Amino acid sequence: MRLLADIAVRALSPAVNDPTTAVQSLDQVEDVLLRLSTRSLGDAWLLDGTGTPRVSYPAPQWQDFVSLALDETLLYGASNPQVARWLRALLARVAAAAPAERQPPVDERRNALDRLVSAAAPDPLLRGISQATDPQGLGGPPSRDASGS
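Residues numbered from 1 in each chain as written. Predicted model: local features only at pLDDT ≥ 70, side-chain atom pairs only at ≥ 80, totals over all residues. Heavy atoms only, no water.

## Thoughts on the nonpolar core
Ranked by size, the top nonpolar core spans 28 residues in total, and within it L33, W62, L70, L90 and L113 carry the most contacts. In terms of residue count, the dominant contributor to this core is helix 4 (residues 81-97) (eight residues). (Core = buried A, V, L, I, M, F, W, Y, C linked by side-chain atoms within 4.5 Å. Buried < 20%, exposed > 50% of the residue type's maximum accessible area, 1.4 Å probe, protein only. Helix = DSSP H or I, 4+ residues; strand = E, 2+ residues; numbered from the N terminus.)

Set out below in structure tokens:
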């Protein structure tokens, strides 16, 4: 997950400026988040041959994966309409797949994206485009479908 997030962030750097690569990386991030959305996560135990817990070990929880996967890309991608629209679609699809108890971190990122896009796109046209979803990554006029499907 860290590598995928790093690819997206590097692609969004002013030196590279490659939003298409960022979106392709986010496509893979989305796949991982969708797979993790219904899995048991967090601290776990190693059991011995009789099933007795012997070793407890910390492991990332859902909110850790969501943060790792998206926070930096939200920060650096909100100023790019293609990336902002893809992020909005990604968040909608992950929210649709995740159970209710896993919604808060996804909702927090959606709200952060709204705030970041508003700050990064003062022009009303670009702000409107950036606030729409783009589930196919094609750009063009804002989608009327806010769910991302």
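## With respect to the confidence of the model for the protein
For the protein, per-residue confidence averages 89 on the pLDDT scale, and residues scoring 70 or more make up 90% of the total. By mean pLDDT, the top-scoring element of the protein is helix 3 (residues 62-77) (96), and the lowest-scoring one is helix 6 (residues 124-130) (84). (pLDDT = per-residue confidence, 0-100.)

## Notes on the pattern of salt bridges
Within the structure shown, the criterion is met by nine salt bridges. A salt bridge links R93 to E30; the shortest N-O distance between them is 2.5 Å. With R93 in helix 4 and E30 in helix 2 (residues 19-36), this pair connects stretches of sequence that are 63 residues apart. Assessed through its relative accessible area of 21%, R93 is described here as partly exposed. The residue E108 makes a salt bridge to R109 at a minimum N-O spacing of 3.2 Å. Here the salt bridges do not stand alone but share partners, grouping R2, D6 and E72 into one network. (Salt bridge = Lys/Arg side-chain N within 4 Å of Asp/Glu carboxyl O.)

## What to know about the packing of aromatic side chains
Counted by the stated rule, this structure contains zero aromatic pairs. When the ring centre of W86 is taken as reference, the NZ or CZ atom of R93 above it lies at 5.2 Å. (Phe/Tyr/Trp six-rings, centres within 6.5 Å; stacked < 30°, edge-to-face > 60°. Lys NZ or Arg CZ within 6 Å of the ring centre and 35° of its normal.)

## Quick notes on the environment of Y57
Position of Y57 among the secondary structure elements: in strand 2 (residues 53-57). It is 5.6 Å that separates the C-alpha atoms of Y57 and A44, two residues lying 13 residues apart in sequence. Setting aside its immediate chain neighbours within four residues, Y57 contacts D43, A44, W45 and L46. (Contact = heavy atoms within 4.5 Å.)

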